[in-house]
Amino acid sequence: MNHVDRASDLSIRWRKSSRGAQGSECVEVGETSTFLAVRDSKNPSGPALAVSPRAQVALIHSLKAGRFDLG
């Protein structure tokens, strides 16, 4: 994984989950042909993670398995 200092500098169409309530704390994702970017919806000008397609698959599997759940 890499990061980008200012997510707003990326020319990406950002998407937020439709499951998140209006104004809730979520992440947004955007895709290019070479990476997936993830940013905090509350801080769109802040940093973003840049994830390769291979790392994206591993990240999604880990999220679904609950490996990052708190509590």
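Some words on the layout of surface pockets
Okay, so step 1: Put simply, the largest pocket is a space of about 510 Å³.
Okay, so step 2: Put simply, the parts of the chain that give the lining of the largest pocket at least two residues each are strand 2 (15–16), strand 3 (27–31), strand 4 (36–40) and helix 1 (53–64).
Okay, so step 3: Of the residues assigned to the lining of the largest pocket, the class counts are nine nonpolar, two polar and five charged.

With respect to the pattern of salt bridges
It is possible for side chains bearing opposite charge to pair when their charged atoms get close.
Okay, so step 1: Within the structure shown, the criterion is met by three salt bridges.
Okay, so step 2: Salt-bridge contacts for Asp 9 lead to Arg 6; the nearest nitrogen and oxygen are separated by 3.6 Å.
Okay, so step 3: Residues Arg 15 and Glu 31 are paired through a salt bridge, measuring 3.2 Å at the closest nitrogen-oxygen approach. Residue Arg 15 is located in strand 2, and its partner Glu 31 is located in strand 3; the two are separated by 16 residues in the primary sequence.

Notes on the pairing of strand 4
Okay, so step 1: Along strand 4, four of the five residues are buried, which leaves the element largely enclosed by surrounding structure.
Okay, so step 2: Pairing of strand 3 with strand 4, which is carried by five bridges, proceeds in the antiparallel orientation. Bridged to Glu 28 within strand 4 is Arg 39.
Okay, so step 3: Connecting the antiparallel pair strand 3 and strand 4 is a turn made up of four residues.
Okay, so step 4: Taken together, the four bridges between strand 4 and strand 5 (residues 48–51) define a ladder with antiparallel strand orientation. Bridging across to strand 5, Ala 37 finds its partner in Ala 50.

Parameters and conventions
Residues numbered from 1 in each chain as written. Predicted model: local features only at pLDDT ≥ 70, side-chain atom pairs only at ≥ 80, totals over all residues. Heavy atoms only, no water. 1 Å grid on protein atoms, 1.4 Å probe; cavity = no way out; pocket = protein on both sides within 12 Å on 5 of 7 lines; lining within 4 Å. Points joined across faces, edges and corners; volume = space filled by probe spheres on them. Helix = DSSP H or I, 4+ residues; strand = E, 2+ residues; numbered from the N terminus. Nonpolar A, V, L, I, M, F, W, Y, C, P; charged D, E, K, R; others polar. Salt bridge = Lys/Arg side-chain N within 4 Å of Asp/Glu carboxyl O. Buried < 20%, exposed > 50% of the residue type's maximum accessible area, 1.4 Å probe, protein only. Pairing = 2+ DSSP bridges.

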